[in-house]
Amino acid sequence: MIVCPQSVEHPRGSRCQRLPGQVVKMSGSDPERPQLLFVKVLASWGRLEAVTQQMGCHPQYLDSFLKMQHYLMHMDGPLPFDCRHYIAIMAAARHQCRYLVNLHVLQFLRAGGDPQWLRGLNFIPPKLRNLNEINKILAHRPWLITKEHIEKLLKISEWSWSLAELVHAVVLLAHCHALASFVFGCGCEQDEGPGGRGVLKPLSPGNQCFCEATTGNSCSQELLRINRKRSLDSCMELDSLRERMQRIHVEAEGREETRLLQQDQEEDAGGAVTSAANLACYMQDPDFGYQDFARRDEDQTQVFRVQDYSWEDHGFSLVNRLYSDIGHLLDEKFRTVDGLQSSTMAKRQGCEPSVFKRGIWNYIHCMFGIRYDDYDYAEVNQLLERVLKVYIKTVTCYPEKTNSEMFDRFWKQFKHSEKVHVNLLILEARMQAELLYALQAITQYMVS
């Protein structure tokens with residue numbers, strides 16, 4: 001669980017306000033910001049996991065990422081908390097991302113999920129299992145999703161979805177698919193193993209938020225006050241936060257170990273499978289994968305033109321209407337990655353930063369059949385060298401085939417933080433591409 005971010009206040013139903021050319025200042029002006037974010041993740045997870053470490057190269061992005069992810073996974077919404085984490089498991093399994101599957105298996109159990117569900121799709125309710133088809137399509141060939149897929153899920157039956165639930169699920173799927181690309185692209189998955197950065201320790205007091213890591217089910221007045229008033233943008237002193245986290249850890253250590261021992265005994269007795277050793281049980285049709293958009297059946301699938309359906313003019317308002325405030329948080333994340341400074345990268349490529357980033361973003365969207373009529377795609381070959389293009393395509397379309405050598409090989413002359421920046425662009429461009437296709441299909445269903 002991630003500690004509660006600062007509350008998000010946006011005018012309901014307001015239009016997406018994108019600020020062209022907005023530049024987000026780097027951490028140099030606020031040298032303690034990365035440490036504050038890291039310590040607060042430590043207070044929540046009990047460890048500084050690999051994704052947070054990598055994103056910490058760009059703390060302003062990490063801030064917006066944590067806010068959105070916390071809202072998506074832990075705040076009020078259409079879907080129950082255990083179902084959210086199970087949907088995340090299904091999404092991560094499509095790319096064989098053991099790192100994310102392990103993470104959400106633990107969170108699923110913490111949310112009170114049925115351990116029997118972890119035996120695979122055959123042991124979950126039909127309603128969740130019916131989500132498998134759009135999970136598969138969005139993960140690999142999002143251009144194939146149609147209003148018929150949406151209608152099938154929404155049709156009145158014992159296991160039907162509501163529009164709000166479906167939008168929540170779609171955002172979850174797109175988020176986890178794209179995050180799997182980041183995990184593989186930055187080598188987090190390769191760090192899985194004894195002592196590696198990618199290993200999630202068993203639940204410990206440090207894994208809990210402040211109000212959970214106390215005696216019994218109730219919170220002391222002091223911790224309750226802290227949990228309500230403190231946020232990601234808090235100006236709490238770093239040393240004070242460390243001391244409080246350590247005190248909470250010590251007070252709850254013995255009781256938590258006893259509880260976990262009892263839980264393990266119960267799960268062993270029930271024969272539940274809680275490990276992520278066999279990810280195949282979480283998906284169907286494992287051979288279904290990415291296929292070049294150019295090889296599609298042109299009679300069935302047309303090029304997606306942003307001028308006809310865009311995030312700013314269409315997707316934002318729809319997602320925000322059906323799942324309030326998530327549109328603002330997603331848009332903040334898109335704007336933040338777009339505003340990250342990349343003058344060094346662009347200078348070495350001999351172009352303006354905005355031109356270079358747009359080249360990467362449009363190249364990723366092009367692989368999913370999304371085109372911008374006002375862009376000259378000949379620029380892509382001029383801006384992006386072949387090794388970089390191969391890396392971007394692999395991380396975007398076949399993330400499970402990425403290896404650590406690929407990360408080290410592309411752009412040897414560039415800083416680590418610049419390579420992470422490229423992976424953040426991949427994450428956000430891919431997520432937006434999946435959302436555009438899914439939200440367009442929902443729109444077509446609604447107006448039909």
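Residues numbered from 1 in each chain as written. Predicted model: local features only at pLDDT ≥ 70, side-chain atom pairs only at ≥ 80, totals over all residues. Heavy atoms only, no water.

When you go through the protein residue by residue, the secondary structure sums to 19 helices and two strands. In the protein, which comprises 448 residues, the share counted as buried stands at 54%. (Helix = DSSP H or I, 4+ residues; strand = E, 2+ residues; numbered from the N terminus. Buried < 20%, exposed > 50% of the residue type's maximum accessible area, 1.4 Å probe, protein only.)

Turning to the pattern of salt bridges, a few remarks are in order. Across all of its chains, the model carries nine salt bridges by this definition. Arginine 335 serves as the salt-bridge partner of aspartate 331, at 3.1 Å between the closest nitrogen and oxygen. Here aspartate 331 pairs with arginine 335, and both are found in helix α13 (residues 326-339), just four residues apart, close to one helical turn. When its relative accessible area of 3% is taken as the criterion, aspartate 331 is described as buried. (Salt bridge = Lys/Arg side-chain N within 4 Å of Asp/Glu carboxyl O.)

Our focus in this paragraph is helix α19 (residues 416-447). Helix length check: α19, at 32 residues, gives a terminal C-alpha distance of 47 Å against a target of 46 Å (1.5 Å per residue), a fit within 8%. The buried count for α19 comes to 24 of 32 residues, which makes it a mostly enclosed element. (Expected span 1.5 Å × (residues − 1).)

Mapped onto the fold, tyrosine 391 is located in helix α17 (residues 386-397). Using a relative accessible area of 1% as the deciding quantity, one classes tyrosine 391 as buried. Between the C-alpha atoms of tyrosine 391 and phenylalanine 407, which are 16 residues apart in sequence, the distance is 7.7 Å. Look past the residues within four positions of tyrosine 391 in its chain and what remains in contact with it is Gly185, Cys186, Thr402, Met406, Phe407, Phe410, Asn423 and Ile426. (Contact = heavy atoms within 4.5 Å.)

Here the focus is helix α5 (residues 98-110). For α5, with 13 residues, the first-to-last C-alpha span of 18 Å sits near the 18 Å given by 1.5 Å per residue. Listed in full, the buried residues belonging to α5 are Tyr99, Leu100, Val101, Leu103, His104, Val105, Gln107, Phe108 and Leu109. Count one or two residues on from α5 and you reach glycine 112, which has phi positive near 90 degrees.

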